[in-house]
Amino acid sequence: MNAPLPHTAADLLSHTERQAQVIQALQARCPAHIFLWNSEDTTPYECDGLTAYRQRPLAVALPEDEAQLQAVLQTCHAMDVPVVARGAGTGLSGGALPHARGVTLSLARFNKILKVDALSRTAVVQSGVRNLAISEAAAPLGLYYAPDPSSQIACTIGGNVSENSGGVHCLKYGLTLHNILKIRGFTMAGEPVTFGSDALDAPGYDLLSVVIGSEGMLAVVTEVTVKLIPKPMLARCIMASFDNIPQAGDAVAAVIAAGIIPAGLEMMDKPMTAAVEDYVHAGYDLDAAAILLCESDGTPEEVEEEIGRMSEVLRAAGATKIAVSRNEQERMTFWSGRKNAFPASGRISPDYMCMDSTIPRKRVADILLAIAEMEKKYALRCANVFHAGDGNLHPLILFDANAADQLHRAELFGAEILETSVAMGGTVTGEHGVGVEKLNSMCVQFNAAENEQFFGVKRAFDPRQLLNPGKVIPTLQRCAEYGRMLVRGGKLSHPDLPRF
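The shown structure was predicted, so the numbers you read here are calculated from the model rather than taken from an experiment.

A few words now on the state of the cysteines. One pass over the full model with this rule turns up 1 disulfide. Between cysteine 443 and cysteine 479 runs a disulfide, and the two sulfur atoms are separated by 2.2 Å. As the torsion about the S-S bond is roughly -85°, the cysteine 443-cysteine 479 disulfide counts as left-handed. One end of the pair, cysteine 443, is in helix H15 (residues 439–445); the other, cysteine 479, is in helix H17 (residues 476–489), with 36 residues separating them in the sequence. In this model cysteine 30 remains outside any disulfide bridge; the closest cysteine sulfur is found in cysteine 76, 9.5 Å from its own. Cysteine cysteine 294 shares no disulfide, and the gap to the nearest cysteine sulfur, in cysteine 237, comes to 7.0 Å.

Dropping the structure here:
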């Protein structure tokens, strides 16, 4: 069951000795200037967006082309050196956390848009291209790339592929998985691989959907062919206020039950609304317990009809105020708060931990009420913002890492949110991935046999388990230890959670 690799002579070397050995081997095959290994140079790579966990790598490689990248992988594979691929470092689950005796492989220099094709409505881009840059390049052709995570100004398409990122418009247009045709890259052994094709289907097993969302554990992505879609003629946004959380949650379910699939359907609770209003001044209703942002796009006639239908449903569900954007500037203003929820939270708290779980839409109100009780239990504040249309929550637990025990309480708070989500019929992650943050919660979501099947997929691509090791899939030993801890702490209170 995913037993650790046996000790080798390399394991007995000191950090400095092993570092010198690895750097010498890498520089024998690649230019010296693409490597960093001094502590002051590698410190910027010690974490991703989950700053609670940090680790400097043995070295950082910044290859300039596929030949150099392949050589780095082949050298590391031959020397049993772990490799962690990294995009922009905007991930929020520790997926790019370095390995202490491994090489961090930065794709920052793979930043070229190779082709934008208006006829096929596709773009071929390198993995280090920013998400938003794809839409900017396609804009003159009246096209854009639909998945739009809040970090789209900085996050890369390679990172989006690794995490299967979504965004505020994923309800109608899908996640990264639904907007990718083909991926090129390399295995840990340096073997070139292609997943998917330029057509709508590819022969053999559908490995494209296996690699997307695999969090850098199966292959290093170097090139991606994305789908582009026409810009809608018009988009308008409704901002609806609610006096209580249950009504807002019920309104989400009511919109979908009415047969309406909005372009975006987002929710923010009162603490989050206050934080973002102070930051961007979007005109949010600060008296509301929760607000919904519901967007419609299409032809002017389609938008007018859908906005009318959604407004009726929202009023019937108890909306106290409804405002509809009158122009594009006002629509963007409505969305500005939602898009800036994370930086706004950073202004009101020294630290925050952004969770990411998914629950059935009908349980939206239940999970928010449960989180309110957890705030009292752990004596920490939590601001909530999420993709309400598909039940993907992003609770932001606010804490101060310099205060005694607050980080530990935040971790317990986050774990209870994830496990409560599972008990309500949901999952421990929606789009941020498992990384290192949710390893324990994976023990709650899946049993030992299921986790072993995941390891089977990992071993098929990476038999030595050198590519992003120690992430995503918990070992049997880890799950057993976590189970004993839960039992000792009396935390196993949900009847639907597995017993260890």
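Turning our attention to helix H4 (residues 131–138). By the burial criterion, the buried members of H4 are Asn131, Ala133, Ile134, Ser135 and Ala138. Against the buried residues of H4 lie strand E5 (113–117), strand E6 (122–126), strand E7 (143–144), helix H5 (157–163) and strand E10 (220–227).

The buried fraction of E6 amounts to 5 of the 5 residues, a majority that puts the element mostly inside the structure. Going residue by residue along E6, you find Thr122, Val124 and Gln126 tucked away on one face and Ala123 and Val125 tucked away on the opposite face as well. Two elements, E5 and E6, share 4 bridges in a ladder whose sense is antiparallel. The residue bridging isoleucine 113 from the neighbouring strand is valine 125, located in E6. Where E6 meets E10, 5 bridges bridge the pair, whose relative direction is antiparallel. Within E10, the residue paired with threonine 122 across the bridge is lysine 227.

Time to look at the pattern of salt bridges. Throughout the structure, instances matching the rule amount to 23 salt bridges. A salt bridge links glutamate 295 to arginine 331; the nearest nitrogen and oxygen atoms lie 2.8 Å apart. Of the two residues, glutamate 295 is situated in strand E14 (residues 290–298) and arginine 331 in helix H11 (residues 328–339); the sequence distance between them amounts to 36 residues. For the pair glutamate 295 and arginine 331, a shared accessibility class is recorded, and that class is buried. When salt bridges with common partners are traced through the structure, they connect Glu66, Arg184 and Glu223 into a single cluster.

With that settled, the discussion passes to the sheet that holds strand E1 (residues 35–36). With mixed pairing, 4 strands are arranged side by side in an open sheet as E1-E2-E4-E3. Two strands lie at the open edges of the sheet, namely E1 and strand E3 (83–86), each paired on one side alone. Bridge count between E3 and strand E4 (residues 103–106): 4 bridges; the pairing is parallel. Bridge assignment links valine 83 to a residue of E4, and that residue is valine 103. Packing of helix H3 (residues 66–78) onto the sheet brings it into contact with E1, strand E2 (59–61), E3 and E4, and relative to E4 it is tilted by some 165°.

Along the polypeptide, valine 193 turns up in strand E9 (residues 192–196). Spatially, the C-alpha atoms of valine 193 and arginine 361 are 38 Å apart, while their sequence positions differ by 168 residues. Other than its neighbours up to four places away in sequence, valine 193 contacts Ile183, Arg184, Gly185, Phe186, Thr187 and Ala219.

What counts, and where the lines are drawn
- Residues numbered from 1 in each chain as written.
- Predicted model: local features only at pLDDT ≥ 70, side-chain atom pairs only at ≥ 80, totals over all residues.
- Heavy atoms only, no water.
- Disulfide = S-S within 2.5 Å.
- Helix = DSSP H or I, 4+ residues; strand = E, 2+ residues; numbered from the N terminus.
- Buried < 20%, exposed > 50% of the residue type's maximum accessible area, 1.4 Å probe, protein only.
- Contact = heavy atoms within 4.5 Å.
- Pairing = 2+ DSSP bridges.
- Salt bridge = Lys/Arg side-chain N within 4 Å of Asp/Glu carboxyl O.
- Axes fitted to C-alpha atoms, helices over the stretch in contact; angles between N-to-C directions.

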